[in-house]
Amino acid sequence: IGKAFKNQFIIPDFIQFTEQIHDIYEICKNDRRGKPADYIPQLARANPDNWGVALCTVDGQRYSAGDTTIPFCIQSCSKPLNYALALTDMGAEKVHSYVGQEPSGRSFNEICLDSSNKPHNPMINAGAIITSSLLKPTLRIADRFDYVHSQYKRIAGGEFVGFSNATYLSEKETADRNFSLAYYMRENKCFPENADLVKTLEFYFQLCSVEITAETGAVIAATLANGGICPTTGEKVLTGDAVRNTLSLMYSCGMYDYSGQFAFKCGLPAKSGVAGAILIVVPNVMGVCTWAPSLDELGNSCRGITFCKELVNKFSFHNY
Ligand code: DON
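Figured I'd write up the structure that's included with this text. (Residues numbered from 1 in each chain as written. Predicted model: local features only at pLDDT ≥ 70, side-chain atom pairs only at ≥ 80, totals over all residues. Heavy atoms only, no water.)

1. A short note on the site of the ligand
In the vicinity of the ligand lie 13 residues, with Q75, S76, E171, Y204 and V274 positioned nearest. Residue N125 places a side-chain N or O atom 3.0 Å away from an oxygen atom belonging to the ligand. Contact distances for the ligand include 3.2 Å between an oxygen atom and a side-chain N or O atom of Y256. Protein contacts shield 94% of the accessible area of the ligand, which totals 350 Å² for the unbound molecule. (Near = heavy atom within 4 Å. Polar contact = N/O pair within 3.5 Å; in protein donor to acceptor, adjacent residues only side chain to side chain. Areas by Shrake-Rupley, 256 points an atom, 1.4 Å probe, with all protein chains shown as cover.)

As structure tokens, this is what we get:
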């Protein structure tokens, strides 16, 4: 409130800013390319007309356009959060004794390890399965889920964080590739001692099946933009180092096989998920979440990518 009286907001003319965001939102609505993921019925049944954009600044100003209160599965947008939680919990040295920092140059679910027999980075499936195994490994599996769920909720300032059991069951049923990855990694001694392969995979599927809304996603991205302090609650939920490392890897590895081009063209840390969400971080300014289920051939939301391109076209948010 003090900032409001002194007009010291990070985006001073917020009304004018949001009018321009709304214009971009409308432009993207005309993008009818792509189709929803169809490897499980819960995603195949998505409504391709759904389109939402929500943003939250580092000083807590909010704006939403379109379908921003409809729950969807977080899917791979859980990967940076799990990585940030593992870093906050045990530090970078320990986490990176199990997972690398290099873009893989391969598809997100490819069976391959780097030259030191680690998955390339925490943003691909192999790396995310490993970071899942690092989250509170001494707790019982149900308590591990409760722990991560409660941490997501703190990162999201207490906003909606649900769970789709149907998605979890479908993920588990269609997980041959993820099982193959895990067995391959177990053979190569990638897991910490005592990690249970099946329980770790089930935990990973559960974390992909957590539901958020675009509004929740905007606060999550804003916490990452704000060095780990949730802008809506003022609570420090992630360490500054964890956030810096997470944003670095979102920047280089967050957008599947489009990561290099996305870094070049948009210049922002971002992470997309197969349900059509993109978490976009403008460091020290704001977090944005876009959601539109239709994906391009690389697995990124078509409208979400168009939004990011228009955003950096209109504003000087590109890192360079
Ligand atoms: O593990 C899977 O195949 C999916 N549940 C992950 C979804 C996703 O968004 C793809 N990620 N990189």
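2. What to know about helix α6 (residues 125-134)
A large share of α6 lies buried, amounting to 10 of its 10 residues. Within α6, burial applies to N125, A126, G127, A128, I129, I130, T131, S132, S133 and L134. In this structure, the buried side of α6 is in contact with α4 (78-90), α5 (92-95), α7 (141-155), α9 (176-187) and α10 (197-208). One or two positions beyond α6, positive phi appears at K136, with a value near 45 degrees. (Buried < 20%, exposed > 50% of the residue type's maximum accessible area, 1.4 Å probe, protein only. Helix = DSSP H or I, 4+ residues; strand = E, 2+ residues; numbered from the N terminus. Contact = heavy atoms within 4.5 Å.)

3. Thoughts on the sheet that holds strand β4 (residues 162-163)
Strand order across the open sheet formed by three strands is β3-β5-β4, with antiparallel pairing between neighbours. Two strands bound the open sheet, and with one partner strand each, they are β3 (72-73) and β4. Two strands pair when backbone bridges link them, and β3 and strand β5 (residues 210-212) are joined in this way by two bridges, in the antiparallel orientation. Opposite C73, over in β5, you have E211 as the bridge partner. (Pairing = 2+ DSSP bridges.)

4. Here's the deal with unusual backbone geometry
Both trends apply: most residues other than glycine have a negative phi, and most peptide bonds are in trans. One non-glycine residue, K189, adopts positive backbone phi at about 55 degrees. The topology assignment puts K189 in the loop between α9 and α10. Residue classification places K189 among the exposed positions, given a relative accessible area of 72%. Within the chain, N284 stands out as a residue other than glycine whose phi angle is a positive 65 degrees. Here N284 lies in the loop between β7 (277-282) and β8 (286-291). Among the residues examined, N284 registers a relative accessible area of 56% and is labelled exposed.

5. Topic: the packing of α6 against α10
Across the interface, α6 lies against α10 with an axial gap of 9 Å and an inter-helix angle of 105 degrees. With respect to α10, the element α6 is oriented roughly perpendicular. The residues of α10 that touch α6, namely those facing N125, A128, I129, S132 and S133, are T200, L201, F203, Y204 and L207. For the contact of α6 with α10, the per-class residue count stands at six nonpolar, four polar and no charged. (Axes fitted to C-alpha atoms, helices over the stretch in contact; angles between N-to-C directions. Parallel < 35°, antiparallel > 145°, perpendicular 65-115°, else oblique. Nonpolar A, V, L, I, M, F, W, Y, C, P; charged D, E, K, R; others polar.)

6. As for the packing of α4 against α7
Contact pair α4 / α7: the axes reach a minimum separation of 11 Å and the direction vectors enclose 100 degrees. When the axes of α4 and α7 are compared, the pair comes out roughly perpendicular. In this structure, α4 uses S78, L81, N82, L85 and D89 to contact α7, whose residues at the interface are Y147, V148, Q151, Y152 and I155. Residues of the contact of α4 with α7, tallied by class, amount to six nonpolar, three polar and one charged.

7. Quick look at a negative patch on the surface
On the surface, D13, E19, D23 and E26 cluster together into a negatively charged patch. Among the structural elements, E19 can be located in helix α2 (residues 14-29). (Patch = residues over 30% accessible without salt bridge, like charges linked within 9 Å, V, L, I, M, F, W, Y side chains within 5 Å. Salt bridge = Lys/Arg side-chain N within 4 Å of Asp/Glu carboxyl O. Lys, Arg positive; Asp, Glu negative; His and termini not counted. Charge placed at Lys NZ, Arg CZ, Asp CG, Glu CD.)

8. Focus: the pairing of β7
Counting buried positions over the six residues of β7 gives six, a clear majority of the element. The alternating pattern of β7 places A277, L279 and V281 and I278, I280 and V282 on opposite faces, both of which are buried. Pairing of strand β6 (residues 270-272) with β7 involves three bridges; the strand directions are antiparallel. Following the sheet pairing, S272 is matched in β7 by I278. Here β6 folds back onto β7 in antiparallel fashion, the turn holding four residues, of which G276 has a positive phi close to 105 degrees. The pairing of β7 with β8 spans six bridges and is antiparallel.

9. Some details on the pattern of salt bridges
Here the structure, examined in full by the defined rule, presents eight salt bridges. Two residues, R106 and E110, come together in a salt bridge whose shortest N-O distance is 3.2 Å. Residue classification places E110 among the partly exposed residues on the basis of a relative accessible area of 30%.

10. A short note on the environment of F14
By the element assignment, F14 lies in helix α2. Separated by 47 residues in sequence, F14 and Q61 have C-alpha atoms that sit 8.0 Å apart. When residues no more than four places from it in sequence are discounted, the contact partners of F14 are L55, T57, Q61, R62 and Y63.

The quantities given are spatial measurements derived from coordinates; they are silent on function.
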